[in-house]
Amino acid sequence: MSEMENEQHFDVIKGLHGAHVKHLNDVLENIFKYLDAESLLNAELTCKAWKAAASVVNQKKLWKLCCVIYVLMSEKENEQHFDVINGLHVRHMNNVVEEIFQYLDAESLRNAELTCKAWKAAASEVNQEKLWQVLLQNKMLTSPLWERLDHCLPSKLPQPSSNSLSSRNLFNKFEFTVKALQKNWLENDLNRDYVDCDVRLRRGVLQISNKFIALWEPINGVFKIWNRITLKLEEVIQGPPVKFDLNYELYEHALLYSSNGWNGWIYIRNLTTKTTKIYKPFGSDNGKSIIYLRVENGFLSCAAAKKETVMNYRSDVVVWKMKSPTEIEWENPRTVSSVRMDCTSRILMDNKFIVVAHQESFDTTCDVYLMSKPQRKPKFIKLVGYPELLFQDGILLMVTNEGEIKIVDVETNNSRIIANIGVDVSERSNFLRIHSGYIFAFFLVGCPHGSRIQIWDFKKATDPTTNLPLPPFFSHTVYMEPPLVLHADAFGVLTVNRETGTVNSRNIIWALNFLPICNFCKQVKKRLLKCASCLSAKYCSSVCQKADWNHHRYLCRKTEKNVPFTLA
């Protein structure tokens, strides 16, 4: 129409926008996508009508397309370049620059500042705190090891109002720690430390999380809590009145426990804020007793029974979703009624399944319920012997009597042997665990003081396309006395040993640490030097080494290469 003589001009862009029809905005977007970067910048400056039209299209998509075209054009010889980032910056369109930078990974975001002065100036104007915090949070969601480090290290995710460099510094710290951790795995580079736990473990129950060590002393009725990294005794907590026994779980920074009294109460202790809350999920004076408590894969479960049913070994299995280690969704539990529960029974769960395992005469039976429909009739899985079971992502993991690591898919009932370690981990000196996306096996080998630690990638081991048996990517020998209690994960090995002296005996908690931390100040450091005498302790400076000498000298004088470390 605009080409006709004496015809009043018709603004196509304004007309499409003014029609207020959703699909016509798609037409606008298709028109704008033919513009180059400079034309797209000028489109909003043409007039108010064009600026209003540009506001309704997906500009993020258009600018991403522009960047792709720009990269392709920049590879052509003798092509005149138009710097999109600089063009956006000089026109004060930093919000668009920020949208483009969101597509960069950490290394590319660092390199953006080093590209040229114009890009450095553009990067300085965007909200870098937001970009780095998004990168950090994405890493926490996609990498189990990064998520575990967030619970382990003292630093936490910064708040939006904190220093603009805090997210970037924290990201760099986590990135270095993960790389150093994996390097220490491959090189078997351990940092050794110890602390007296001063308790008779035959009458105590010890549990270990990423940040804490908890010990329940039934004689005194107290919990003792140590910081796993510093090995400092954090607090001594008076437990609830106990009539029969106490169930407790240590989960990240939360201590969850219940007594076997007839009230059905659950106590949750926040070990960071040092506060305790009491919950009554079954109401007051209901006559129910919690005979089993379990936390796993973001769920809290318990077996609750009344007096008239507990003697028949029948209980209700109740499962709650956990918002965080100290917050439970009490309103919508999943309940499996009248389940057989005895002293050998164990509850395992993840997002899809609830598994109740029982020991029979010569084997183990697993009752598998759907988490979404727990009242449906369960399917049954038979396992030979009485293996210690681990459960994650619908996969049961165990070690057979022949020393083979076996996985069973509970949905299909398909089983495979993924590796052979040649020992039975049911012995107290052997250990199997899934942690941070890896499988850890720790077991005695050969000589009386030799122990071997091996690591497999969990996803690779459970992938149906992987060729089996799968060799471990890490396998090293650690020399130590056979422990009373053993725990191994991505951060190291924790054991409890009975040390017999000439005068008296005591229990020692030993920490073999893969984390790159100083033995005294317990901070992550890039440069650590080993004690020249024993090579078993690392320090960031001579000041820390001298300050730690009174504690370290007993270990230092008795530890030699390939000799069991002991204070006896």
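Refer to the structure above for everything that follows.
Bear in mind that the values here come from a model prediction, so they are computed numbers and not experimental data.

Engineer: Sorry, what's going on with the packing of aromatic side chains here?
Structural biologist: Any two aromatic rings considered together are summarised by their centre-to-centre distance and by the angle between their planes. A full pass over the atoms with the stated rule returns 17 aromatic pairs. Ring geometry for Tyr438 versus Phe440: centroids 6.5 Å apart, planes at 65°, classification edge-to-face. When sorted by exposure, Tyr438 lands in the same class as Phe440, which is buried. The ring of Phe299 is capped by Lys321, whose NZ or CZ atom sits 4.7 Å from the centre of that ring. Against the face of Phe176 rests Lys526, its NZ or CZ located 5.9 Å from the ring centre.

Engineer: What am I meant to see in the nonpolar core here?
Structural biologist: The nonpolar side chains of a soluble globular protein tend to be buried, and buried together. Membership of the largest hydrophobic core comes to 56 residues, with the highest contact counts inside it found for Leu88, Phe101, Trp185, Phe491 and Leu515. With 6 residues, helix H12 (residues 166–187) is the largest single contributor of residues to this core. Those residues within four positions of Trp185 in sequence are excluded, and the remaining contacts are Leu145, Tyr438, Phe440, Ile455, Phe473, Phe474, His476, Ala490 and Phe514. Judged by nonpolar contacts, the second largest core, of 18 residues, contains Val399, Ile405, Ile434 and Ile439.

Engineer: Honestly, the pairing of strand S22 (residues 415–420) in this entry has me stumped. Any pointers?
Structural biologist: Side chains on a regular strand alternate between the two faces of the sheet. Looking at chain direction, strand S21 (residues 404–409) and S22 are connected through 5 bridges and run antiparallel. Across the sheet, Ile405 pairs through a bridge with Ala419, a residue of S22. Where S21 folds back onto S22 in an antiparallel hairpin, the turn is made up of 5 residues, including Asn413, whose phi is positive at roughly 65°.

Engineer: Can you walk me through the packing of helix H10 (residues 128–142) against helix H11 (residues 144–152) in this structure?
Structural biologist: For any two helices packed against each other, one specifies the crossing angle of their axes together with the interaxial distance. The geometry of H10 relative to H11 is characterised by a closest axis approach of 5 Å and an angle of 110° between their N-to-C directions. One way to sum up the angle between H10 and H11 is to call them roughly perpendicular. Touching Leu136, Lys139, Met140 and Thr142 of H10 are Pro144, Trp146, Glu147 and Asp150, all from H11. Tallied by class, the residues present in the contact of H10 with H11 amount to 4 nonpolar, 1 polar and 3 charged.

Engineer: I keep staring at the sheet that holds S21 and nothing clicks. Help me out?
Structural biologist: Adjacent strands of a sheet pair through backbone hydrogen bonds, lying either parallel or antiparallel. In space, the 4 strands of this open sheet follow the order S19-S20-S21-S22, with antiparallel pairing throughout. Of all the strands in the sheet, just strand S19 (390–392) and S22 have a single pairing partner and so form its edges. Direction aside, the axes of adjacent strands within the sheet are offset by 25° on average. With 3 bridges joining them, S19 and strand S20 (residues 395–399) adopt antiparallel strand pairing. Residue pairing across strands places Leu390 opposite Leu397, the latter belonging to S20.

Engineer: Would you mind showing me how to read the side chain of Glu98 here?
Structural biologist: Along the chain, Glu98 falls in helix H7 (residues 94–101). Judged by relative accessible area, Glu98 falls into the buried class, the value being 13%. Beyond its immediate stretch of four places on either side in the chain, Glu98 contacts Val126, Asn127, Lys130 and Leu131.

Engineer: Could you clarify how one ought to interpret the sheet that holds strand S15 (residues 346–349) in this entry?
Structural biologist: The 4 strands are arranged S15-S16-S17-S18 in an open sheet whose pairing can be described as antiparallel. Edge strands, defined here as strands with exactly one partner in the open sheet, are S15 and strand S18 (379–384). Across the sheet, the mean angle separating the axes of adjacent strands is 25° when strand polarity is ignored. Of the pairings in the sheet, the one linking strand S16 (residues 353–359) to strand S17 (residues 363–370) comprises 7 bridges and is antiparallel in character. What sits directly across from Val356, in S17, is Asp367.

Engineer: Help me out: how do you make sense of H11 in this one?
Structural biologist: Think of an α-helix as 3.6 residues a turn; residues three or four steps apart then line up on the same face. Of the positions making up H11, those classed as buried are Leu145, Trp146, Leu149, Asp150, His151 and Cys152. Next to the buried residues of H11 lie H10 and H12.

Rules behind the numbers
Residues numbered from 1 in each chain as written. Predicted model: local features only at pLDDT ≥ 70, side-chain atom pairs only at ≥ 80, totals over all residues. Heavy atoms only, no water. Phe/Tyr/Trp six-rings, centres within 6.5 Å; stacked < 30°, edge-to-face > 60°. Buried < 20%, exposed > 50% of the residue type's maximum accessible area, 1.4 Å probe, protein only. Lys NZ or Arg CZ within 6 Å of the ring centre and 35° of its normal. Core = buried A, V, L, I, M, F, W, Y, C linked by side-chain atoms within 4.5 Å. Helix = DSSP H or I, 4+ residues; strand = E, 2+ residues; numbered from the N terminus. Contact = heavy atoms within 4.5 Å. Pairing = 2+ DSSP bridges. Axes fitted to C-alpha atoms, helices over the stretch in contact; angles between N-to-C directions. Parallel < 35°, antiparallel > 145°, perpendicular 65-115°, else oblique. Nonpolar A, V, L, I, M, F, W, Y, C, P; charged D, E, K, R; others polar.

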